[in-house]
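Spelled out from the first residue to the last, the chains are:
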Amino acid sequence: MGSRWCAALLRVLVLQAAWALAGGQVRYSVAEEAKAGTVVGRLSQDLGLEAGEAEARRLRLVAQGRRASVELSGASGALLVSSRLDREELCGKSAPCALRLEVLLERPLRVFHVELEVTDINDNAPIFPAARKNLSLSENSPPGSRFPLEGASDADIGANAQLSYTLSPSEHFRIEEENSNSRSKSLFLVLTKPLDRETIPVHRLVLTASDGGRPSLTGTMELEISVLDVNDNAPQFNQSVYNVVLPENATEGTLVVRVNATDLDLGIYGEVVYEMDTVIPPSALDVFSIDANSGEIRLKGTLDFEAITLYDLHVKAKDKGTPPLSGHCKVVVEVLDVNDNAPEVRVTSLSVPVAEDAAVGTVVAVLSVSDRDSGANGRVRCWVWPASPFGVEATFSGSYSLVLREALDRERVSEYEVEVRAEDGGAPALRASRGLRVPVSDVNDNAPAFAQAVYTVLARENNAAGAELARLWARDPDEAGNGRVSYSLWEGGAGALSPSSWSGAAGGGWRPASSYVSVDAESGRVWALQPLDYEELQVLQFEVRAVDAGEPPLSGNATVQLFVLDENDNAPALLPPPAGSAAEAGGAAAEAAAAGWGSGTLWAWAAWGAPAGQVVAKIRAVDADSGYNAWLRYELREARPKGPFRVGLYSGEVSTARPLDEADGARHTLLIVVRDHGEPARSATATLSVSLLEAAEAALAAAAGSSSSSSSSWRAAPGAETGPSGASAATNVWLVVAICAVSSLFLLAVVLYAAARWAPRAAVLSAPGPTTLVCASEVGSWSYSQRHSRSLCVADGAAKSDLMVFSPNFPPPPPGAAPKDPQPEPSALLHTVSAEPSLAFSLSLPTLPSLPRPLCSSCSYRGSAPAA
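Along each chain, the written sequence defines residue order, and numbers are assigned to residues from 1. With the structure being a predicted model, the display of local features is reserved for residues of pLDDT at least 70 and the display and counting of side-chain atom pairs for 80 or more, all residues being used for whole-chain, interface and lining totals. The side-chain quantities take in all heavy atoms of the structure and omit both hydrogens and water.

A. Layout of the pattern of salt bridges. Basic side-chain nitrogens of Lys or Arg form a salt bridge, by our definition, when they fall within 4 Å of a carboxyl oxygen of Asp or Glu. Enumeration according to the criterion identifies 27 salt bridges in this entry. Salt-bridge contacts for D229 lead to R197; the nearest nitrogen and oxygen are separated by 3.2 Å. Highlighted residues: D229 in the loop between β14 (218-228) and β15 (236-237) and R197 in the loop between β12 (185-191) and β13 (202-210), separated in sequence by 32 residues. The same class applies to D229 as to R197, namely buried. A salt bridge links R675 to E635; the nearest nitrogen and oxygen atoms lie 3.2 Å apart. Pair noted here: R675 is in strand β48 (residues 667-676) and E635 is in strand β45 (residues 632-636), with a separation of 40 residues, a long-range link. Where helices and strands are cited, they refer to DSSP runs of H or I of at least four residues and of E of at least two residues respectively, numbered from the N terminus. Think of it in three bands: with a 1.4 Å probe and only protein chains considered, a residue is buried below 20% of the maximum accessible area for its type, exposed above 50%, and partly exposed in between.

Dropping the structure here:
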């Protein structure tokens, strides 16, 4: 322990001796900007301390007024950099830069001095006093002129602060340094070439300062050298000639052009004023004006391409220098044509009216078309509007002809309002038009034409003589005499069909229509010359001719089919009893029956105990009318509620209503009324006397009647011809009559079919009317009869009817014509043919042909006949 203290004491003495020899200071050196933690020196070792002794004796650093930016590590005794060292901040431009530090050591207390030198590095670039410097030099400054500049400074010291200067490339300037007796250098900008402000008004240069460090750092300053002006330039226009195209519709105040003269000088030397020097033509001074300051030339008058197309304006620009300098230019104004003139259309010649048979290509008018504009604005095209048979053809420049391109038809268009339009080629195009009135003169090129080729007329029988049957009208679209129509009855195609011609009677056939009707020449009315009788005349067909008053006259025909409509002017007529009746009586009873018929009473018999529904007798009657007027019904006049007999409503059969017994009496008299369906209805009355016999007597009477005759059961009155031969002769006569009637109907059907087949078709003169459809009833059939065809009703049994019904329709009057008297609504036209099953042959009615536009809107045809 004592030895160790001796060794320590020895070291202290050695250290003291070393401090004494070195002046008691430790010196270190460190570069500025060294990083924090950098070891500056091993202070504990340099002071001769053992390891761990520095910490034991509390070796520490004492600050001396300013931050030293170093610290002492207590554990290792090393001197470290604690923060940024900036030599320029610590020492500025002083050299060398040394920091003095004090270090304390305890037990025993000792003070040591440490000197830390901070060495310089090139961490500062040269800096100019300003980033930009403005200089103003007169453009007439002579070459070689020197202009002083302020140099840059560098915070570093030594070689790092040695500066050199360079100037950006310039043909007018260079930089020059001059060493003076003072410690600083002088810097000059030297002019090497004359300046021209109008060429380069401002020179921008960059002055660069570089220090001597490694690497070298630089600093820059921008030099902006403005060249001061002198009046050495005259105004100059940017164009010697200004070409302007101006539309003639430009309004007053329109900017024509802005001339621009520039004077490269500044200030009043560069201020330019404008004026018009000379103008061609002189009137241009009244059309154009110029602004002295801006050089704007504007319109103050109106332009007209058709008057002047080109203007020459000479403009002078001068500055305000002394003396003033001037420049000149020329402005050429070309007036552009605009489409401001519409075409003009004039009629040179007009030839109207135009005949409707004029040939295609006929010249109607000659036109003159012009346009004052030029070029496309003056090119004109013409056409006709609206579309019409006329067109425009160019003959030569500016002349056109209105010609006929299509055939005319005055009846379709009698006059044309033609508008000739002209349009130029401008944008937008201008138009002009000229209206022409072109009337078309008439020629007789249209024949009178009826509205229908075939007219169907319905007339009731028993009409008054002179009654109007129909009114025909033919249209002729021509005018004046060419369209004035007269009417006449054409005998070449007229005739009447009578019922006698159907049955083949002598003297029957076609008769002249002029004996029945006449046609008014002016109005076309058809008059009846005599009353019509349906039973005599049913169809009258004739032709009416219409002729105009043109040259040559033209005509047209129409066929009139006059159908006579039946009226209820005939009462029913009772027929004699037929042969083979079931009501046969023998001996004196038959004679009484014959005598009774002669006095209007019919006789019949029935057996006692006959069941209900047994036919006792059949009442037969005919009506010369047709249709409803000939439809018969049978009724008991004084019918008892529970009487033994009844009569069929439509068949006329008298039958038992209930079984007969002795309480009914031996004889019954029945009064039977036969009535048609006409308006008003007509009737006839028949009396039937029925005798009641025993069954044996009835059987004997039936056997006697069968052996005596197969065709005759009724006896003739005393003095009359009797026997089988008389009945057979009567039957044969009626059979021949029936065959003739059927043949006549067939021939009529063929004639009507041929007429309808080759006659021109046309609409029927008819208007909508109700359709009447009549069919055979299930309880009976129609009975048809007329004076000339009774042969069709000759046998026993129910008759089958063939029925045709027409619904008459009347035509409207022609335009402009009002009928004198309204046509009465006709009744239905009914045609019925009956065929009897007892005939030895089948009787069928041939199908009638379709007439052109028949007189009915719907017809029903039904026919049947049992096979023989």
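B. Here's a closer look at the environment of E198. If you trace the backbone, E198 turns up in the loop between β12 and β13. In this structure E198 comes out as buried when scored by relative accessible area, which is 13%. With 68 residues separating them in the primary sequence, E198 and L266 have C-alpha atoms 9.0 Å apart. The criterion used for residue contact is that any of the two residues' heavy atoms lie within 4.5 Å. When neighbours within four sequence positions are excluded, E198 is seen to be in contact with E139, D229, V230, D232, N233, L264 and D265. Whenever two N or O atoms come within 3.5 Å, that pair is a polar contact, provided that in protein one can donate a hydrogen and the other can accept it, and provided that, for residues adjacent in sequence, both atoms are side-chain atoms. A polar contact is formed between the side chain of E198 and the side chain of N233, at a distance of 2.9 Å.

C. Spatial organisation of the sheet that holds strand β43 (residues 615-618). Two strands are counted as paired when DSSP detects at least two bridges linking them. Strand order across the open sheet formed by three strands is β43-β47-β46, with antiparallel pairing between neighbours. The open sheet is flanked by β43 and β46 (645-647), the only strands paired with a single partner. Each neighbouring strand pair of the sheet contributes to a mean axis angle of 20 degrees, computed without reference to strand direction. As paired strands, β43 and strand β47 (residues 653-656) are joined by three bridges and run antiparallel to one another. What sits directly across from K618, in β47, is E653. Here the axes come from fitting lines to C-alpha atoms, over the contacting stretch only for helices, and the angles between their N-to-C directions go from 0 to 180 degrees.

D. Structural detail: the packing of aromatic side chains. Each Phe, Tyr or Trp ring, with Trp reduced to its six-membered ring, pairs with another whose centre is within 6.5 Å; inter-plane angles below 30 degrees give stacked pairs, above 60 give edge-to-face pairs, and intermediate values give tilted ones. This model, assessed by the stated rule, comprises eight aromatic pairs. On the basis of an interplanar angle of 55 degrees and a centroid distance of 6.2 Å, the ring pair of F237 and Y274 is categorised as tilted. A residue pair is termed long-range when its members are at least 10 positions apart, and F237 in strand β15 and Y274 in strand β19 (residues 272-280) qualify at 37 residues. One exposure class covers both F237 and Y274, and it is buried. Taking 6.3 Å as the distance between ring centres and 55 degrees as the angle between the ring planes, the aromatic pair formed by F450 and Y487 counts as tilted. Within this pair, whereas F450 is found in strand β32 (residues 449-450), its partner Y487 is found in strand β36 (residues 485-497), the two being separated by 37 residues in sequence.

E. Structural view of the nonpolar core. To qualify as a nonpolar core, a set must consist of buried Ala, Val, Leu, Ile, Met, Phe, Trp, Tyr and Cys residues joined through side-chain atoms within 4.5 Å. Grouped together as the largest cluster of nonpolar side chains are 28 residues, with contacts concentrated most on F450, V517 and F542. Among the secondary structure elements, those contributing two or more residues to this core are β33 (454-460), β34 (468-471), β36, β37 (517-519), β38 (525-528), β39 (539-548) and β40 (555-565). Listed in part, the 27 residues of the second largest apolar core include L246, A284, V287 and I297.

F. Structural detail: the sheet that holds strand β2 (residues 39-41). In space, the three strands of this open sheet follow the order β2-β5-β4, with antiparallel pairing throughout. Only two strands of the sheet have a single partner each, and these edge strands are β2 and β4 (70-72). Along the sheet, successive strands turn relative to each other by an average axial angle of 35 degrees, direction set aside. Both β4 and strand β5 (residues 79-81) contribute to a ladder of three bridges, which runs antiparallel. Note that in β5 the partner of E71 across the bridge is L80.

G. A look at a negative patch on the surface. There is a patch of like negative charges on the surface, built from D661, E662, E694 and E697. Along the chain, the position of E694 falls in the loop between β49 (683-693) and α7 (695-708). Patch membership is restricted to residues that have no salt bridge and whose relative accessible area is over 30%. Joining uses 9 Å for like charges and 5 Å for the nonpolar side chains Val, Leu, Ile, Met, Phe, Trp and Tyr. To be clear on the numbers: accessible area is Shrake-Rupley with a 1.4 Å probe, and residue cover counts the displayed protein chains and nothing else. Working convention for charge: Lys and Arg count positive, Asp and Glu count negative, and His plus the chain ends are omitted. Charge positions are represented by NZ for Lys, CZ for Arg, CG for Asp and CD for Glu.

H. View of the pairing of strand β23 (residues 326-336). Alignment of strand β16 (residues 241-247) against β23, held across seven bridges, turns out to be parallel. Residue pairing for β23: N243 is matched across the bridge by V332. Relative to β23, strand β22 (residues 310-319) is paired through nine bridges, and the arrangement is antiparallel. Across the sheet, the residue bridging to D312 is V332, located in β23. Linkage of β22 to β23, two consecutive antiparallel strands, is achieved through a turn of six residues.

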